[in-house]
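Structural overview for review
For reference, the chains in residue letters:
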Amino acid sequence: MEKYDCIVIGAGPAGLSATLTLGRARRKVTIFDNGTNRNRVTQESHGFLTREGIKPQEFKNIAMKELKSYPSVSISNETVIEVNKDDQNDLFLIKSSNNKTYITEKILLATGIQEEFPLTQIRQYYGKSLFSCPYCDGWELRDKPLAIIAENDEHIIHMTKLVFNWSKDLIVFTNGHQLFNKVRNDFESKKIKVYTDVIEDLHGDNGNLESIELESGDNILRSGGFVVPSFYRPNKFAEQLNCQFDKNGGIITDGAGRTTANGIYIAGETEKAESSSLIIASADGNKAASSINMDITLDRF
Ligand SMILES: Cc1cc2nc3c(=O)[nH]c(=O)nc-3n(C[C@H](O)[C@H](O)[C@H](O)COP(=O)(O)OP(=O)(O)OC[C@H]3O[C@@H](n4cnc5c(N)ncnc54)[C@H](O)[C@@H]3O)c2cc1C
């Protein structure tokens, strides 16, 4: 069976950027992807210098095309379902959804994160009129009547203050969470209304939010907004490979992609299970690839 220098799991910006660097360093690498990148729901990406407004799929297509110029790189559109250590040979075995097994010296985990929303209906509007990152989508929603949907004090305060920079026409929906009077007063002094009622439903057309219906029966007009989801990793690979975690659930690294498990590297949003951005995830991938290449170089020199 062929042995890879590195298998990269995940072709978001983190995995793609790492694979480019590894391909250019003449490493035999294959990159797996199953098309569940978090930003697949959005129409345009912003803030990545030279690629302003690009569609997520186009960003990926360009990156894939660039990878194809390096002969030691291969691309596999399959889901990785199992990762195991072969302790005897100091190698890893990777099983994919089509039941093939791959052998590799190093693994880069770049599988990103996924969102969980306070209300399932948010999914229909997410990426079209409801977003979670004001730096990514605040400009397009500027000066519009916006909703902030969040369910704990810290998230509500942070997101409301931040989004106030892009629109002064804000209404906060806490979906049943009671806010301290001081916070309510602060918001109301800026003409930001707060509804603590449970949200009954969202209304709109084709992903474009029009109103938010409360349990009280009130239907509040809003044309978009920001939500605070919770994030989780889509797999347990880091646990299965014995990576260590910090008290916040982040995977402990040396700051350059090396985890505490020998041969296992990490890049992108999956490291801390927090949202970041295309450019930061790309930089993480680049950094982790340099670590992987350096470690292989020193092992073999
Ligand atoms: C609605 C929305 C809008 C956004 N807009 C912007 C924006 O305008 N600008 C910006 O900079 N950022 C934006 N982001 C954030 C950006 O998408 C992320 O920061 C970035 O994609 C994180 O990169 P990543 O490589 O860590 O993870 P991802 O891009 O999520 O990639 C992870 C990859 O791993 C693959 N994968 C996962 N598990 C497996 C498995 N078992 N086997 C095989 N493959 C697997 C998935 O298919 C996926 O492609 C937005 C996000 C969302 C949700």
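None of the values given here were measured: they were computed from a predicted structure.

As a further point, take the site of the ligand. In the vicinity of the ligand there are 37 residues, among which D33, N34, T36, H46 and E269 approach most closely. Take A14: an N or O atom from its main chain is 3.1 Å from an oxygen atom of the ligand. Side-chain polar atom of E269 to an oxygen atom of the ligand: 2.6 Å apart, as the coordinates give it. Listed by contribution, the elements that provide at least two residues to the shell around the ligand are α1 (13-24), α3 (134-137) and α7 (278-300). Of the residues contributing to the shell around the ligand, the split by class is 13 nonpolar, 17 polar and seven charged. Counting only domains with at least three residues in the shell around the ligand, you end up with domain 1 (3-113 + 233-300) and domain 2 (116-227).

On to the packing of α1 against α7, then. Two numbers describe how α1 lies on α7: the axes approach to 7 Å, and their chain directions differ by 40°. Taken as a pair, α1 and α7 cross one another with a handedness that is right-handed. Here P13, A14, S17, A18, T21 and L22 of α1 come into contact with α7, specifically with L278, A281, S282, G285, N286, A289, I292 and N293.

Thresholds applied
Residues numbered from 1 in each chain as written. Predicted model: local features only at pLDDT ≥ 70, side-chain atom pairs only at ≥ 80, totals over all residues. Heavy atoms only, no water. Near = heavy atom within 4 Å. Polar contact = N/O pair within 3.5 Å; in protein donor to acceptor, adjacent residues only side chain to side chain. Helix = DSSP H or I, 4+ residues; strand = E, 2+ residues; numbered from the N terminus. Nonpolar A, V, L, I, M, F, W, Y, C, P; charged D, E, K, R; others polar. Domains from an automatic or database assignment. Axes fitted to C-alpha atoms, helices over the stretch in contact; angles between N-to-C directions. Left-handed = near helix turned anticlockwise from the far one by under 90°. Contact = heavy atoms within 4.5 Å.

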